[in-house]
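# Observations on chain architecture
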Amino acid sequence: MIETILPDCVVAADLFHDPPEATLFPEEERVIEQAVEKRRKEFTTARVCARTALGKLGLPPSPVLPGLRGEPQWPSGVVGSITHCAGYRGAVLGESLSVTTVGIDAEPNEPLANGVLEAVSLPEERADLALLSARMPQVRWDRMLFSAKESVYKAWFPLAKRWLDFEDAVITFDPGEQTFSARLLVTGPRVGGKRLSVLHGRWLVSRGLILTAIVIPT
């Protein structure tokens, strides 16, 4: 499903269930051995998606271990992102020769818990969300904002190697084009010799889910 909002320079794999036959590499098993069943299923199925996507790039299956901030560690020459939520797991990968970074996120199309929106948004974003909610009430725009900021962080971290707070980027949505932009309020890393100041992404609402994705080509 997520491939509908992605450019041709990346490949994707997603699942809406947890295959009972799915297995992990021993290295991955050690990461998750103390986890509860819910976390184990998320982790395992996300790795199934990752290995399917690696196959689409012509690469063999390999362990995908979490890094310092939980970011997936890909084989040399590969960039990508993983996401999972209730009822969905997905992975999007590209070759580093053609893709600089990827950030994806999936969320249920349901309202955020009380107090979360205020914690993750800026006043101007909340004003925009009120207008969007009146125009398209079938979309939970508070959750959409949260998802977009998650995608921004996932695309940011491999480049900057440092934390990005929720209030460090202003998200603007275009409901007609199903796109969004993230204007960074902190100094961004250099990409292709230029300072990164804005990230552009796309979004989708389908099957009770919100998906957001950012892909920055090389």
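Let me sum up the structure you'll find in this document. (Residues numbered from 1 in each chain as written. Predicted model: local features only at pLDDT ≥ 70, side-chain atom pairs only at ≥ 80, totals over all residues. Heavy atoms only, no water.)

Bringing the sheet that holds strand E12 (residues 209–217) into the picture now. As summarised here, the arrangement of the five strands in space is E6-E12-E11-E8-E7, forming an open sheet in which the pairing is antiparallel. Two strands close off the open sheet at either side, each with one partner strand: strand E6 (99–108) and strand E7 (169–174). Adjacent strand axes in the sheet meet at a mean angle of 20 degrees when their direction is disregarded. Here strand E8 (residues 179–184) pairs with strand E11 (residues 198–206) via five bridges, running antiparallel. Looking across to E11, one finds that Thr 179 is bridged to Arg 202. Running at roughly 15 degrees to E7, helix H4 (residues 123–135) makes contact with E7 and E8 of the sheet. (Pairing = 2+ DSSP bridges. Helix = DSSP H or I, 4+ residues; strand = E, 2+ residues; numbered from the N terminus. Axes fitted to C-alpha atoms, helices over the stretch in contact; angles between N-to-C directions. Contact = heavy atoms within 4.5 Å.)

Let us look at the state of the cysteines. Counted by the stated rule, this structure contains zero disulfides. The cysteine Cys 9 is free of any disulfide, with Cys 49 supplying the nearest cysteine sulfur at 19 Å. Here Cys 9 falls in the partly exposed class, since its relative accessible area comes to 27%. Not part of a disulfide, Cys 85 finds its nearest cysteine sulfur in Cys 49, a span of 12 Å. (Disulfide = S-S within 2.5 Å. Buried < 20%, exposed > 50% of the residue type's maximum accessible area, 1.4 Å probe, protein only.)

Because an α-helix completes one turn every 3.6 residues, residues spaced three or four positions apart along the sequence face the same direction. Between its terminal C-alpha atoms H4 stretches 19 Å, which fits the 18 Å expected from 13 residues at 1.5 Å a residue. Along H4, the residues that are buried comprise Glu 125, Leu 129 and Leu 132. Down the axis of H4, the smallest arc covering the buried residues is 65 degrees, so these residues share one side. Projecting away from the buried face of H4 at angles above 90 degrees are the exposed residues Pro 123, Leu 131 and Ala 134. (Expected span 1.5 Å × (residues − 1). Arc of directions from axis to C-beta.)

Turning next to the pairing of E6. Across the 10 residues that make up E6, a large majority, nine, are buried. Relative to E12, E6 is paired through nine bridges, and the arrangement is antiparallel. If you follow Asp 105 over to E12, its bridge partner there is Thr 212.

Positive phi values are uncommon outside glycine, yet Lys 161 reaches one of about 60 degrees. Judged by relative accessible area, which is 57%, Lys 161 ranks as exposed. Even without a glycine there, the phi angle at Gln 178 is positive, about 55 degrees. Among the secondary structure elements, Gln 178 is positioned in the loop between E7 and E8.

Below, the discussion takes up the environment of Arg 207. Secondary-structure assignment places Arg 207 in the loop between E11 and E12. For Arg 207, a relative accessible area of 60% translates into the label exposed. Residues Arg 207 and Tyr 88, 119 residues apart in the sequence, show an inter-C-alpha distance of 10.0 Å. Ignoring anything within four residues of it in the chain, the contact list for Arg 207 reads Met 1 and Phe 16.

Once that is clear, we can look at the packing of H4 against helix H5 (residues 141–160). Relative orientation of the contacting elements H4 and H5 amounts to 130 degrees, with a least axis distance of 9 Å. When the axes of H4 and H5 are compared, the pair comes out oblique. The handedness of the crossing between H4 and H5 comes out as right-handed. Contact residues: H4 offers Glu 125, Leu 129, Leu 132 and Ser 133, while H5 offers Trp 141, Asp 142, Leu 145 and Lys 149. Among the residues forming the contact of H4 with H5, the class breakdown is four nonpolar, one polar and three charged. (Parallel < 35°, antiparallel > 145°, perpendicular 65-115°, else oblique. Left-handed = near helix turned anticlockwise from the far one by under 90°. Nonpolar A, V, L, I, M, F, W, Y, C, P; charged D, E, K, R; others polar.)

A few words now on the side chain of Ser 147. Mapping Ser 147 onto the fold places it in helix H5. A relative accessible area of 0% means that Ser 147 is categorised as buried. Polar side-chain contacts of Ser 147 include one of 2.8 Å to the side chain of Thr 212. In contact with Ser 147, other than residues within four places in its own chain, are Asp 105, Ala 106, Glu 107, Ile 210 and Thr 212. (Polar contact = N/O pair within 3.5 Å; in protein donor to acceptor, adjacent residues only side chain to side chain.)

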